[in-house]
Amino acid sequence: EDQVTQSPEALRLQEGESSSLNCSYTVSGLRGLFWYRQDPGKGPEFLFTLYSAGEEKEKERLKATLTKKESFLHITAPKPEDSATYLCAVQGPAGTALIFGKGTTLSVSS
Amino acid sequence: SAVISQKPSRDICQRGTSLTIQCQVDSQVTMMFWYRQQPGQSLTLIATANQGSEATYESGFVIDKFPISRPNLTFSTLTVSNMSPEDSSIYLCSVKGVGPETQYFGPGTRLLVL
């Protein structure tokens, strides 16, 4: 069964304190791994899609990496505005449905 | 990226009633999806809505409970029928982007069933 597990469930950081979020997955034939940011009361905002092991993508203070079993979202020198829930999802060979993890809620304090 | 709007943004409903949620996209898209996000749970796909054909429902979701319409390439509706408190959730519309695999989400409809 395709599955996505995110850890930790919650993460509290001080401004400038870098860290990583983990997304472990099992899927038969990965078509893509997606990262989203979700602010309270809003829909998920697309961040990245990764397609194959070894791929990396960056956006401002965020960097996503992918291996055959997991993905990391590295946050460098976070700011309070980075506080949000970060969602990971995988897409299998059928190419339609996204299977989501429960998310990691990040709080960055100044 | 696609701009997606949903109506209503939130609602409080009585059990046994039905609510229809609208999803409007600013460009023509082939595939539209409806997801549910229950408190503390993952986003879960309800169904895929393709224009000109019947919606495809995921395991655990049935057409009688969640009828979907897709009259054109920019619009879809999801109805939550005969609601119970267990249907209290956020319902999200999503569309497949053009080019590399992407999916974009609307702002969601927050439903509370009393």
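Here, the structure is the one placed above.
Values in this document were obtained by computation on a predicted structure and should not be read as measured data.

Caption draft 1: Structural detail: the overall build of chain A. Looking only at helices and strands, chain A features 0 helices and 11 strands. Put simply, chain A runs from its N terminus to its C terminus through helices and strands in the order β-β-β-β-β-β-β-β-β-β-β. In terms of overall size, chain A behaves like a compact globule, its C-alpha atoms giving a radius of gyration of 13 Å where 110 residues would be expected to give roughly 13 Å. Counting across all 110 residues of chain A, residues that qualify as buried make up 46%. In chain A, the share of contacts with a sequence separation of at least 24, taken over all contacts with a separation of at least 6, comes to 54%. For chain A, the accessible surface area stands at approximately 5300 Å², while carbon and sulfur atoms represent 47% of it. With 12 positive and 14 negative side-chain charges, chain A shows a separation of 3 Å between the mean positions of the two kinds.

Caption draft 2: How the structure looks around a nonpolar patch on the surface. All names here are of chain B. A contiguous nonpolar patch, built from Ile 12, Leu 112 and Leu 114 and spanning about 280 Å² of accessible area, is present on the exposed surface. Mapped onto the elements of the fold, Leu 112 is located in strand β11 (residues 109–113). Assessed through its relative accessible area of 39%, Leu 112 is described here as partly exposed.

Caption draft 3: Looking closely at the pattern of salt bridges. Residues and elements named next belong to chain A. Tallying each qualifying case throughout the model produces 5 salt bridges over all chains. Arg 37 is paired through a salt bridge with Asp 39; the nearest N and O atoms lie 3.0 Å apart. Residue classification places Arg 37 among the buried residues on the basis of a relative accessible area of 15%. Asp 82 is the salt-bridge partner of Arg 61, the closest N and O atoms lying 2.8 Å from each other. With a gap of 21 residues between them, Arg 61 in the loop between β6 (56–59) and β7 (62–66) and Asp 82 in the loop between β8 (70–75) and β9 (84–91) connect regions that are remote in the sequence. In terms of burial, Arg 61 and Asp 82 fall into one category: buried.

Caption draft 4: A look at the packing of aromatic side chains. A full pass over the atoms with the stated rule returns 10 aromatic pairs over all chains. Ring centres 6.4 Å apart and planes at 10 degrees place the aromatic pair Phe34(A) and Tyr36(A) in the stacked group. The same class applies to Phe34(A) and to Tyr36(A), which are both buried. Ring geometry for Phe46(A) against Tyr104(B): centres 5.7 Å apart, planes inclined by 70 degrees, an arrangement best described as edge-to-face. With Phe46(A) in strand β5 (residues 45–50) and Tyr104(B) in strand β10 (residues 103–105), the pair connects residues from two separate chains. The burial state of Phe46(A) is the same as that of Tyr104(B); both residues are buried. In textbook terms, an aromatic cluster arises when at least three aromatic residues are bridged by ring pairs, as seen for Phe34(A), Tyr36(A), Phe46(A), Phe100(A), Tyr35(B), Tyr104(B) and Phe105(B).

Caption draft 5: Inspection of the sheet that holds strand β3 (residues 19–25) of chain B at higher detail. Residue and element names in this part refer to chain B. Pairing is antiparallel across the open sheet formed by 4 strands, whose spatial order is β1-β3-β8-β7. On the outer flanks of this sheet lie β1 (4–7) and β7 (68–72), each paired with one strand and no other. Here the strands of the sheet are splayed against their neighbours by 15 degrees on average, with no regard to which way each runs. Note: β1 against β3, 4 bridges, orientation antiparallel.

Caption draft 6: Fine view of the sheet that holds strand β3 (residues 19–26) of chain A. Residues and elements named next belong to chain A. Read across the sheet, 5 strands follow the order β1-β3-β8-β7-β6 without closing on themselves; strand pairing throughout is antiparallel. The strands lining the two open edges of the sheet, one partner per strand, are β1 (3–7) and β6. Across the sheet, the mean angle separating the axes of adjacent strands is 15 degrees when strand polarity is ignored. Both β7 and β8 contribute to a ladder of 5 bridges, which runs antiparallel. Bridge assignment links Ala 64 to a residue of β8, and that residue is Leu 73.

Caption draft 7: Seen up close, the side chain of Thr79(B). Residues and elements named next belong to chain B. Locating Thr 79 in the fold gives a position in strand β8 (residues 75–80). Within the structure, the side chain of Thr 79 is placed 2.8 Å from the side chain of Thr 20, a separation counted as a polar contact. Setting aside residues up to four positions removed in sequence, Thr 79 forms contacts with Ser 18, Leu 19, Thr 20, Lys 65, Phe 66 and Pro 67.

Calculation notes
Residues numbered from 1 in each chain as written. Chains lettered and ligands numbered in written order. Predicted model: local features only at pLDDT ≥ 70, side-chain atom pairs only at ≥ 80, totals over all residues. Heavy atoms only, no water. Helix = DSSP H or I, 4+ residues; strand = E, 2+ residues; numbered from the N terminus. Rg over C-alpha atoms; globule rule 2.2 N^0.38 Å. Buried < 20%, exposed > 50% of the residue type's maximum accessible area, 1.4 Å probe, protein only. Contact = heavy atoms within 4.5 Å. Areas by Shrake-Rupley, 256 points an atom, 1.4 Å probe, with all protein chains shown as cover. Lys, Arg positive; Asp, Glu negative; His and termini not counted. Charge placed at Lys NZ, Arg CZ, Asp CG, Glu CD. Patch = residues over 30% accessible without salt bridge, like charges linked within 9 Å, V, L, I, M, F, W, Y side chains within 5 Å. Salt bridge = Lys/Arg side-chain N within 4 Å of Asp/Glu carboxyl O. Phe/Tyr/Trp six-rings, centres within 6.5 Å; stacked < 30°, edge-to-face > 60°. Pairing = 2+ DSSP bridges. Axes fitted to C-alpha atoms, helices over the stretch in contact; angles between N-to-C directions. Polar contact = N/O pair within 3.5 Å; in protein donor to acceptor, adjacent residues only side chain to side chain.

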